[in-house]
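Summary of structural features
Here is what each chain is made of, one letter per residue.
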Amino acid sequence: MAIVLDRPGVDGLSDAVGVLREWQDDGAPMQLHPGDLGWFWRFGAEATAAAVRTWSRGGQIRAVGLLDGPKLLRLTIAPDARADEDLAQQIVADVTSPERGVLMQGEAYLEAPTGALVHDLLFEHGWHTDAPWTPLRCDFTEPVKEPGVRIDAIGPEQAHVRTAVQRASFEKSTFTDERWHAMAAGLPYADALCLVAYNDHDIAVAAATVWSAGPGRPGLLEPMGVHRDHRGLGYGKAITVAAASALQKLGSSSAIVCTASSNAGGVATYRSAGFQQLPERWDRRRDD
């Protein structure tokens, strides 16, 4: 049966989000999460739909990709299809042919679950190993400790607080109030929360967004940031602990996060908050 590459459109995003929820599992390698689509949704539903690609067989979605920019495809594959040669061959053919409308010509990057056959096939097409990433997981077999600072869950009336901390945490951030409201209107945000940490002077010092994939499935922490004027004081650990606690209360089986291995400070912060460092993973890169 033929494998069909598709752009789902706004009406089809619910199907993509649905399968991403189903595919999340604590025993699976780190992979594209519904929260990744949720965070991208800050650009609006139409932009999110334009960035999503699906591969289906017989009307059933077998792989989902998110174009996180014109040069990066973040891809995941149904757990029972990661060794499916026909699917892997079709995906590689589509991502290596610009006319297929997935990746542009020239430099490009692809993220896929560790161990998926698509990695081997990309090597055969001249792709290389890119810089490593470090996944981390917080196991919820025990209750998560208290963060030790005031934590507020942010609603529409406090969106400006959340966006301001984001912009103060990331130099190139374009997170505005309008984009917060667009994100909050997205399907994945129905099971998400934005959190802000305050210091003893009631100043917002750190923020995070957490995304549930449903009860009994791992939840995602993305993004987390500490205000540039309040770093080195433990607020990164505090907001991370609060994020894990929020996901535990939402029924998640664990909390997961992934950061560049070169971000030693970020890895140390997550570990200090009780996250366990997992084996590194690598994206694939095409130079031309």
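Scoring rules and cut-offs
Residues numbered from 1 in each chain as written. Predicted model: local features only at pLDDT ≥ 70, side-chain atom pairs only at ≥ 80, totals over all residues. Heavy atoms only, no water. Phe/Tyr/Trp six-rings, centres within 6.5 Å; stacked < 30°, edge-to-face > 60°. Helix = DSSP H or I, 4+ residues; strand = E, 2+ residues; numbered from the N terminus. Buried < 20%, exposed > 50% of the residue type's maximum accessible area, 1.4 Å probe, protein only. Contact = heavy atoms within 4.5 Å. 1 Å grid on protein atoms, 1.4 Å probe; cavity = no way out; pocket = protein on both sides within 12 Å on 5 of 7 lines; lining within 4 Å. Points joined across faces, edges and corners; volume = space filled by probe spheres on them. Nonpolar A, V, L, I, M, F, W, Y, C, P; charged D, E, K, R; others polar. Pairing = 2+ DSSP bridges. Right-handed = clockwise from strand over helix to strand, strands pointing away. Patch = residues over 30% accessible without salt bridge, like charges linked within 9 Å, V, L, I, M, F, W, Y side chains within 5 Å. Areas by Shrake-Rupley, 256 points an atom, 1.4 Å probe, with all protein chains shown as cover. Salt bridge = Lys/Arg side-chain N within 4 Å of Asp/Glu carboxyl O. Lys, Arg positive; Asp, Glu negative; His and termini not counted. Charge placed at Lys NZ, Arg CZ, Asp CG, Glu CD.

1. Notes on the packing of aromatic side chains
Scanning the entire structure with this criterion turns up five aromatic pairs. For the ring pair Trp39 and Phe175, a centre distance of 4.9 Å and an interplane angle of 70° mean the geometry is edge-to-face. Of this pair, Trp39 sits in helix H2 (residues 34-40) while Phe175 is found in the loop between helix H6 (159-169) and helix H7 (177-184), placing the two residues 136 residues apart along the sequence. With a centroid separation of 5.3 Å and 70° between ring planes, the pair formed by Phe40 and Phe43 is classed as edge-to-face. What makes Phe43 partly exposed here is its relative accessible area of 34%. Grouped by ring-pair contacts, the aromatic residues Trp180, Tyr189 and Trp211 constitute a single cluster.

2. Remarks on the side chain of His227
Following the sequence through the fold, His227 ends up in the loop between strand E10 (219-226) and helix H8 (235-249). Setting aside residues up to four positions removed in sequence, His227 forms contacts with Ala168, Ser169, Ala204 and Val205.

3. What about the layout of surface pockets?
For the largest pocket, the calculated volume is near 1200 Å³. Every residue lining the largest pocket is counted, 45 residues in all, and those nearest its centre are Trp133, Phe170, Glu222, Pro223 and Cys258. At seven residues, the largest contribution of residues to the lining of the largest pocket is made by E10. Residue composition of the lining of the largest pocket, by class: 22 nonpolar, 12 polar and 11 charged. Each pocket or cavity is described by its volume, and for the second largest pocket that value is around 180 Å³. Taken together, Glu146, Pro147, Ile151, Leu193, Leu195, Ala242, Ser245, Ala246 and Lys249 make up the lining of the second largest pocket.

4. Some words on the pairing of E10
Regular strands place side chains that alternate from one sheet face to the opposite one. In terms of burial, E10 is a largely internal element, seven of the eight residues being buried. Two strands pair when backbone bridges link them, and strand E9 (residues 204-211) and E10 are joined in this way by five bridges, in the antiparallel orientation. Paired with Ala208 across the strands is Met224, a residue of E10. Two strands pair when backbone bridges link them, and E10 and strand E11 (residues 254-260) are joined in this way by two bridges, in the parallel orientation. Counted as the bridge partner of Leu220 is Ile256 from E11. In terms of handedness, the path from E10 via H8 over to E11 forms a crossover that is right-handed.

5. Topic: a negative patch on the surface
A grouping of Glu85, Asp86, Asp120 and Glu124 is seen on the molecular surface, where their side chains present a negatively charged patch. Broken down by secondary-structure element, the contributors of at least two residues to the negative patch are helix H4 (85-95) and helix H5 (117-124). The topology assignment puts Asp120 in helix H5. Taking the relative accessible area as the measure of exposure, Asp120 reaches 45% and is therefore partly exposed.

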